Amino acid sequence: MLEFTYKAHCDLLGKFKIDTEYDIVTVRQTIRQYAKDMGMGIVDQTRITTAVSELFRNMYNYAGGGEVLIERGEVENHHALIVTCTDQGPGIEDIELAMTDGYTSGQGMGYGLPGAKRLVDRFEIQSKLKEGTTVRMMKWK
Amino acid sequence: MKEILNIKNTKERIDRIEDILASVASGDMDARINSEIEDDFSGIEAAIDLLINDLTDELRQRENMQKELENKLSKIQDQQKTILQQQEDLLELSSPVSKVWDNILILPVIGTLDSQRTQVMMENLLQKIVETGCTISILDITGVPTVDTQVANHLLKTVTAARLLGAECIISGISPAIAQTIVHLGIDLSAIRTKATLQDAMIFAMKQNKRADEVRALGNLALPNEKTD
Amino acid sequence: MNLHEKRIPIIKIHDYLIVPIQVDMHDKLAIQLQSQILEEIAKTRAKGVLIDISVLEMVDSFIGRMLSGMASMAAIMDTSVVIVGMQPAVAITLVELGLEMPGVDTALNMEKGMEMLERRLNSRKTDSF
């Protein structure tokens, strides 16, 4: 349903469901391992792991969970780890507002989305009210 | 008047030509007709042999050329790898962190700072802080001609990250030009302890050390006093 | 590893509590730990808490906020909290995330953290008499 601006040849690494808080922990550990396998440095590993943790929490808190697709591919001459999170939640009414530092609609303090964006190289978000939200993040090796 | 062609064993010879051409087509470049009969047809047979010779030469040349190109390519790739490696090494070398005194680290930065180099520098310094357990580090930028917003932000980030680790980071050697740039760019360095020269920073760091020692000594005195109360 | 069964130990030594966090925490565990520590402070009347996060490979905004919230709450209860041993990669990521944790005391290692708490406690003792 959503179209993203990047074109790339991707290899699927894994597909996971986030249904519980434990899934958040295990899937972010899995993503850290993928980042490590790709040869990312320790700081970049920590950045991508932290960024996905923020997204997973959003998905879990606002949409009750969702699906995560992990791919690796060549984007703009970079080896990229690509994480796509899709949920069937209520959607985000004002994306620009949600991406503003310090803004929150729930119990958080608003570091989630804008914080995650600062930690990765590409960040795209699309949302439709009552249908859901998809976020795609890429981190260069 | 009708010309009469003098051709012997026509059928067999045409079959042989077909066989030879088939072998050449399937890659056997040594196959030749090599007919020993001399008559009106032998010219054609010889011409075919010559053509096969030319073709063979051509193919060999092309193969050699390809090999040469492949060699050159792999050489270039090797060189590129070396250059990348050297660049990385240079990045590491260009930010030497040294422990100059008990509890004090110094990182002298020389040359232009770009975003990538600052990033590597920051990681190196923080790693060294953890390894040595030094709580004071001095980032001396006397040898840096200019900073832009991004580099200033990286410096700011380094200081904040060091604080999260439990260490203090002082920036020294801020030239008038850099001070001007920082204020013009609207970057707020008020949260950072800055010193004009490396010497000032060093004196400040030693004083911090001394104060920590004094507090420690006072603490050791205070404890028994407390018990006698 | 069974994540459901993990509990984080809180160790009391003299006036101090030591909390070594050695698991990748999910949010519920983090909230649980926060109230557990506060209860332990009330029960033992500890004057200082050392939270060792040296093996944590990741601190996201939730855990970061839990830690700084922890420090403010303990401060109201007249107890100092020191966060000990944060990894460089974690510190860089926290700063980029926008969580600079102002007002939270940090130390490079357990020994330095303990010194810091002792200094606090002693200056308070000499102040009050």
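Residues numbered from 1 in each chain as written. Chains lettered and ligands numbered in written order. Predicted model: local features only at pLDDT ≥ 70, side-chain atom pairs only at ≥ 80, totals over all residues. Heavy atoms only, no water.

## Details of the overall build of chain A
Phase 1: Summing up its helical and strand segments, chain A has 4 helices and 5 strands in all.
Phase 2: Ordered by position from N to C terminus, the α and β elements of chain A give β-α-α-β-β-α-α-β-β.
Phase 3: Looking at chain A as a whole, 48% of its 141 residues are labelled buried.
Phase 4: Counted over contacts in chain A with a minimum sequence separation of 6, partners at least 24 positions apart contribute 65%. (Helix = DSSP H or I, 4+ residues; strand = E, 2+ residues; numbered from the N terminus. Buried < 20%, exposed > 50% of the residue type's maximum accessible area, 1.4 Å probe, protein only. Contact = heavy atoms within 4.5 Å.)

## What about the overall build of chain C?
Phase 1: The secondary structure content of chain C amounts to 4 helices and 5 strands.
Phase 2: Start at the N end of chain C and walk to the C end: the helices and strands fall as β-β-α-β-α-β-α-β-α.
Phase 3: In terms of overall size, chain C behaves like a compact globule, its C-alpha atoms giving a radius of gyration of 14 Å where 129 residues would be expected to give roughly 14 Å.
Phase 4: With respect to the three principal axes, the spread of C-alpha positions in chain C is 50 × 30 × 25 Å.
Phase 5: Looking at chain C as a whole, 57% of its 129 residues are labelled buried.
Phase 6: Restricting the contact set of chain C to residue pairs at least 6 apart, pairs at least 24 apart contribute 71%.
Phase 7: Of the roughly 5700 Å² that chain C leaves accessible, carbon and sulfur atoms contribute 52%. (Rg over C-alpha atoms; globule rule 2.2 N^0.38 Å. Areas by Shrake-Rupley, 256 points an atom, 1.4 Å probe, with all protein chains shown as cover.)

## A short note on the sheet that holds strand E5 (residues 132-140) of chain A
All names here are of chain A.
Phase 1: Spatial strand order, E1-E2-E3-E5-E4: 5 strands in an open sheet with antiparallel pairing. A single partner strand is all that each edge strand has here, and the edge strands are strand E1 (9-18) and strand E4 (122-128). Along the sheet, successive strands turn relative to each other by an average axial angle of 15°, direction set aside.
Phase 2: Each of E1, strand E2 (66-75) and strand E3 (78-87) is contacted by helix H1 (residues 21-37), which is oriented at about 160° to E1, the strand it contacts most. (Pairing = 2+ DSSP bridges. Axes fitted to C-alpha atoms, helices over the stretch in contact; angles between N-to-C directions.)

## Regarding the sheet that holds strand E5 (residues 105-107) of chain C
Residues and elements named next belong to chain C.
Phase 1: Strand order in the open sheet formed by 5 strands is E1-E2-E3-E4-E5, and the pairing between neighbours is mixed. A single partner strand is all that each edge strand has here, and the edge strands are strand E1 (11-13) and E5. Sheet twist, expressed as the average angle between the axes of neighbouring strands with direction ignored, equals 25°.
Phase 2: On top of the sheet, helix H1 (residues 27-44) reaches E1, strand E2 (16-20) and strand E3 (48-52); it is set at about 160° to E2, its chief contact.

## Focus: the confidence of the model for chain A
Phase 1: Taken as a whole, chain A shows an average pLDDT of 86; of its residues, 87% reach a score of 70 or greater.
Phase 2: Mean pLDDT in chain A bottoms out at helix H3 (residues 95-98) of chain A, which sits at 82, and peaks at H1 of chain A, which reaches 94. (pLDDT = per-residue confidence, 0-100.)

## Focus on the interface of chain B and chain C
Phase 1: Every contact between the two is made by 25 residues of chain B and, on the other side, 23 residues of chain C.
Phase 2: Summing both sides of the interface, chain B and chain C together bury roughly 2100 Å²; the carbon and sulfur share of this comes to 67%.
Phase 3: Counting across the interface, chain B meets chain C through 1 salt bridge.
Phase 4: Among the ionic pairs, Glu-96 of chain C bridges to Lys-157 of chain B, the shortest N-O distance being 2.5 Å. (Buried area = accessible area lost by both parts, 1.4 Å probe. Salt bridge = Lys/Arg side-chain N within 4 Å of Asp/Glu carboxyl O.)

## What about the pattern of salt bridges?
Residue and element names in this part refer to chain B.
Phase 1: Considering all chains together, one arrives at 21 salt bridges over all chains under this definition.
Phase 2: With its nearest N and O atoms 3.1 Å apart, the salt bridge here joins Glu-45 to Arg-13. Linking Glu-45 in helix H2 (residues 42-93) with Arg-13 in helix H1 (residues 10-25), this pair joins segments that are 32 residues apart in sequence. In this structure, Glu-45 and Arg-13 share a single accessibility class: buried.
Phase 3: Between Arg-193 and Glu-168 there is a salt bridge, with the nearest N and O atoms lying 2.7 Å from each other. Placement of the pair is Arg-193 in strand E5 (residues 193-195) and Glu-168 in strand E4 (residues 168-172), with a sequence separation of 25 residues.

## Section: the interface of chain C and chain A
Phase 1: With 22 residues of chain C at the contact, the number on the chain A side is 25 residues.
Phase 2: Carbon and sulfur atoms supply 56% of the area buried between chain C and chain A, which totals about 2200 Å² over both sides.
Phase 3: The three residues of chain C that bury the most area against chain A are Arg-65, Glu-96 and Leu-97 of chain C, which together make up 24% of that side's buried surface.
Phase 4: Here chain C and chain A share 7 salt bridges between them.
Phase 5: Salt-bridge contacts for Arg-47 of chain A lead to Glu-96 of chain C; the nearest nitrogen and oxygen are separated by 2.6 Å.
Phase 6: For the interface between chain C and chain A, the tally reads 13 residue pairs in polar contact (both at pLDDT 80 or more).
Phase 7: Of all elements in the fold, only H1, helix H2 (61-76) and helix H3 (88-97) of chain C reach the threshold of two or more residues within the side of chain C that touches chain A.
Phase 8: Per-element accounting of the side of chain C that touches chain A gives the leading share, 6 residues, to H3 of chain C. (Polar contact = N/O pair within 3.5 Å; in protein donor to acceptor, adjacent residues only side chain to side chain.)

## A word on the nonpolar core
Phase 1: Judged by nonpolar contacts, the single largest core of 102 residues is most densely connected at Phe-56 and Phe-123 of chain A, Leu-139 of chain B together with Met-25 and Ile-51 of chain C.
Phase 2: Per-element accounting of this core gives the leading share, 8 residues, to helix H4 (residues 149-165) of chain B. (Core = buried A, V, L, I, M, F, W, Y, C linked by side-chain atoms within 4.5 Å.)

## Here we look at the side chain of Arg-136 of chain A
Phase 1: Here Arg-136 of chain A shows up in strand E5.
Phase 2: The buried charged residue Arg-136 of chain A lacks any salt bridge, with Glu-71 of chain A as its nearest oppositely charged partner at 4.6 Å. (Lys, Arg positive; Asp, Glu negative; His and termini not counted.)

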